[in-house]
Amino acid sequence: MQGIQLGMIRKVLVCSPRFPRLCSSSKINKQVFHGYACLPRLWCSIASTTALPNSPSSFSTSTATRKHSEALVYNKHGEPSHVIRMESQELPELGEFGVRVKMLAAPVNPSDINMVQGTYAILPELPAVGGNEGVGEVLEVGNKVTSLSPGDWVIPADAGLGTWRTEAVVNEKTLTKVPHDIPLVCAATLSVNPFTAYRMLHDFETLQPGDTVIQNAANSAVGQAVIQLGTALGIRTVNVVRDRPDFQMLEDRLISIGADYVVTEETLRKPEMKDLFKKIPRPRLALNCVGGKSSTELLRHLQRGGTMVTYGGMSKQPLTVPVSALIFNDIKLRGFWMTQWKKDQPHAMI
C-alpha cells in the first residue's frame, strides 16, 4: 500500500456506528445469516472471550498450540442459512513460507453472500470457507518468512482466503501487514470498501478541489468512505439515500463525517435539484452501486463529458441510459471491481 494512500485513509476513515453489532463466534452459525438480506454488514468477532470450544484465550507462538480451527464451511452453493455449517478443520503444517494466523474479526459483505450462493464472478473450489475480508494476528511463521513476525496484524491480500474461521495457515504472499493502531473493526474492513472508494475517486476523472461527485447508496461502507476521502481532497459530495422515516438522523450522521448534501431518491427526481446545481458545479463523477432508476437519475445530473462508474447493482435492475446522455452530453460509462484491479496491476500496492 502506498504510504500516501494508507495515510490518507487512516486519517479520514471513521468506523461507522451503523454497524455496531458484534457476535461471538459461538453464535455465528445461528446469527450471522439470519438477517443478512436486510443488513449490509454484521460484524463477527472471531477472537472473543466467548469463542468456540477449544479456541485459545490468549495468543501464543508455540508450536504446541492446538492444530485445529473452527470454520464456517459450505460444500455446495445455496442460501447461506441452508448450506453453511460449522466444522472443525485440521490445520496444515506450517512449512517454510507458511504463516499461522488467528482471526480477530471478519465482516459479512454482500459479495461474501453472493459467493456462497454461487452468483459471484469468482468462486472458490468447494468445499470452501466463507469470508473474503478480515483481520488476524500472526501466531507463528515459517523459517523462510521475511515480511511478517508473530504479533503482526494482517489482512488478506486478495479475495478468497476464507476468513470465517478461528485460525488459518496460509502462504506469506497471501497476507498484507497493517498497523496496530487501526481500530479492530476498521482493520477488518480495510481491504475492500475504503480502497474501492479511493480508486474510483482517482482513476476515472482528474478531480480538483471544488469539484462535485454524486453517489447513490451514500450510507454504504463505500459511500461513507467516499464522503470522508472527498472531504480530505476538497471535493464536494452529493449523497443519495433511499427514502426512510429516520432520514433526518441519517442525514445528520453523514453530514457529521463530511457530506455536503444528502438527498433522497425521491428528491433526486424533483426540479429542485436544478437549484442545487446553480450553487455548486454539476458533478464530473457519479458513483453507482444501485442500478435501475437510481442510476438513470444520477446520469441526468452529470456535467457534459462526465463519467458514471458502476461498482454494484443492489437493486438487481439493469442500467437504463438515455440516448441523449450519450449523444448530447458525451457521458462515459465505466465499471470498477477491486478484484480485477488487483489482477490488472499485480505489482501495485493498494
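Relevant structure appears above.
Rules used throughout
- Residues numbered from 1 in each chain as written.
- Predicted model: local features only at pLDDT ≥ 70, side-chain atom pairs only at ≥ 80, totals over all residues.
- Heavy atoms only, no water.
- Pairing = 2+ DSSP bridges.
- Helix = DSSP H or I, 4+ residues; strand = E, 2+ residues; numbered from the N terminus.
- Axes fitted to C-alpha atoms, helices over the stretch in contact; angles between N-to-C directions.
- Buried < 20%, exposed > 50% of the residue type's maximum accessible area, 1.4 Å probe, protein only.
- Phe/Tyr/Trp six-rings, centres within 6.5 Å; stacked < 30°, edge-to-face > 60°.
- Core = buried A, V, L, I, M, F, W, Y, C linked by side-chain atoms within 4.5 Å.
- Contact = heavy atoms within 4.5 Å.

Student: When you look at the sheet that holds strand S7 (residues 135-141) in this model, what are you seeing that I'm missing?
Tutor: Within a sheet, neighbouring strands are paired by backbone hydrogen bonds and run either parallel or antiparallel to one another. Pairing in this open sheet of five strands is antiparallel, and the strands run S9-S5-S7-S8-S10 from one edge to the other. Edge positions in the open sheet fall to strand S9 (167-171) and strand S10 (175-178), since each of these has one partner strand only. Between one strand axis and the next, the sheet turns through 45 degrees on average, direction left out of account. Relative to S7, strand S5 (residues 98-105) is paired through six bridges, and the arrangement is antiparallel. Bridge pairing in S7 links Arg100 to Glu140.

Student: Can you help me understand the environment of Glu265 in this one?
Tutor: Here Glu265 shows up in helix H9 (residues 265-268). Given the relative accessible area of 11%, Glu265 is considered buried. For Glu265 and Val241, which are 24 residues apart along the polypeptide, the C-alpha to C-alpha distance reads 6.0 Å.

Student: Please explain the packing of aromatic side chains as it appears in this structure.
Tutor: Centre-to-centre distance and the angle between the planes together describe a pair of aromatic rings. Overall, the coordinates contain two aromatic pairs when judged by the stated rule. With a centroid separation of 5.9 Å and an interplanar angle of 80 degrees, the aromatic rings of Tyr120 and Trp337 are classed as edge-to-face. With Tyr120 in the loop between helix H4 (110-117) and strand S6 (128-129) and Trp337 in the loop between strand S16 (332-335) and helix H13 (338-344), this residue pair connects regions lying 217 residues apart in the sequence. Assessed through its relative accessible area of 23%, Tyr120 is described here as partly exposed.

Student: What is the right way to read the sheet that holds strand S3 (residues 68-74) from this model?
Tutor: Spatial ordering of the open sheet is given by S4-S3-S6, a layout of three strands whose pairing is antiparallel. The strands lining the two open edges of the sheet, one partner per strand, are strand S4 (84-90) and S6. Bridge analysis of S3 against S4 gives seven bridges, and the strand direction is antiparallel. Its bridge partner being in S4, Ala71 is matched across the sheet by Glu87.

Student: Just checking my understanding: could you explain the nonpolar core for this structure?
Tutor: Most often, soluble globular proteins have nonpolar side chains that are buried together. With 34 residues, the main nonpolar core has Val135, Met200, Leu285 and Leu287 as its most contacted residues. Looking at this core, the elements with two or more residues in it are S5, strand S8 (153-156), helix H5 (184-188), helix H6 (193-203), helix H7 (221-233), strand S14 (285-288) and H13. Looking at this core, the element that brings in the most residues is H6, giving five residues. In this view, Leu287 contacts Met200, Val213, Ile214, Gln215, Asn216, Val226, Leu298, Val309 and Tyr311; residues no more than four positions away in its chain are not counted. Residues Val238, Met273, Phe277 and Leu302 belong to the second largest nonpolar core, which totals 16 residues.

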